[in-house]
Amino acid sequence: LRTPYEAGFKTKLCKRLVSMQKTYVGFWRRLFASILDILILVFLLTMLFSFTQQTTPGVDALIIILISALYFTTLPTTNLQGTIGKLAIGAKIVDLNGNKISAGQSFIRFIGQIISAVIFFIGFIMIASHWQKRALHDLMAGTYVINRDK
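Residues numbered from 1 in each chain as written. Predicted model: local features only at pLDDT ≥ 70, side-chain atom pairs only at ≥ 80, totals over all residues. Heavy atoms only, no water.

Draft legend 1. Up close: the overall build of the protein chain. Counting its secondary structure elements, the protein chain contains seven helices and two strands. Buried residues in the protein chain amount to 32% of all 150 residues. Restricting to contacts in the protein chain with at least 6 residues of sequence separation, those with at least 24 account for 63%. Summed over its atoms, the accessible surface of the protein chain is roughly 9600 Å², and 70% of this surface lies on carbon and sulfur atoms. (Helix = DSSP H or I, 4+ residues; strand = E, 2+ residues; numbered from the N terminus. Buried < 20%, exposed > 50% of the residue type's maximum accessible area, 1.4 Å probe, protein only. Contact = heavy atoms within 4.5 Å. Areas by Shrake-Rupley, 256 points an atom, 1.4 Å probe, with all protein chains shown as cover.)

Draft legend 2. The arrangement of unusual backbone geometry in detail. Of note, Phe-120 is a non-glycine position whose phi angle comes to about 60 degrees, a positive value. Relative to the helices and strands, Phe-120 resides in the loop between α5 (103-118) and α6 (122-129). By relative accessible area, which is 70% here, Phe-120 ends up exposed. Within the chain, Lys-133 stands out as a residue other than glycine whose phi angle is a positive 55 degrees. On the basis of relative accessible area, Lys-133 is assigned to the partly exposed category, the value being 27%.

Draft legend 3. Here's a closer look at helix α2 (residues 27-50). Spanning 24 residues, α2 covers 34 Å between terminal C-alpha atoms, matching the ideal 34 Å at 1.5 Å per step. For α2, the complete set of buried residues consists of Arg-30, Ala-33, Asp-37, Leu-41 and Leu-45. Where α2 is buried, its residues touch α3 (57-74), α4 (84-88), α5, α6, α7 (136-141) and β2 (143-147). (Expected span 1.5 Å × (residues − 1).)

Draft legend 4. Molecular detail of the environment of Trp-131. Mapping Trp-131 onto the fold places it in the loop between α6 and α7. Considering only alpha carbons, one finds Trp-131 and Gly-26, 105 residues apart in sequence, at a separation of 9.9 Å.

Draft legend 5. Molecular detail of the layout of surface pockets. For the largest pocket, the calculated volume is near 580 Å³. For the largest pocket, the lining is made up of 25 residues, of which Ser-34, Ile-38, Phe-72, Gln-113 and Phe-124 are closest to its centre. For the lining of the largest pocket, the elements supplying multiple residues, two or more each, are α2, α5 and α6. For the lining of the largest pocket, the element with the most residues is α2, which contributes eight residues. For the lining of the largest pocket, the per-class residue count stands at 16 nonpolar, five polar and four charged. (1 Å grid on protein atoms, 1.4 Å probe; cavity = no way out; pocket = protein on both sides within 12 Å on 5 of 7 lines; lining within 4 Å. Points joined across faces, edges and corners; volume = space filled by probe spheres on them. Nonpolar A, V, L, I, M, F, W, Y, C, P; charged D, E, K, R; others polar.)

Limitation: the analysis is restricted to geometry and does not speak to function.
Here it is as structure tokens:
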């Protein structure tokens, strides 16, 4: 089955429709990316805490939250368009128009991920059944996770 563009209808509308086609990244690949991200964070935090003086548990928790927030909110707004885990699986985070996401959207995604974890990971499990493979945090922030162009 060919698209109208491939069939020779090379109008501006057809070109735009072809460029808007997205291949959404599913549950298992996104889970693998998340596991990679968690391993990277654990490594970074272990290195950080091995070089610092012993602190109070409250300070340690604050440091963990701040570094996690920086990791999950900064990288998606760069040219990487995602975390290192997303890069490893060949995925990127985009807005509803297929563009790089804003800092505000990235922050909303991070808050949504926390909410999803608190409600027994239901927000993440949604990926498996959503027709666009979107999690709760994607819906909250107006984002998609799609395959990177080859």
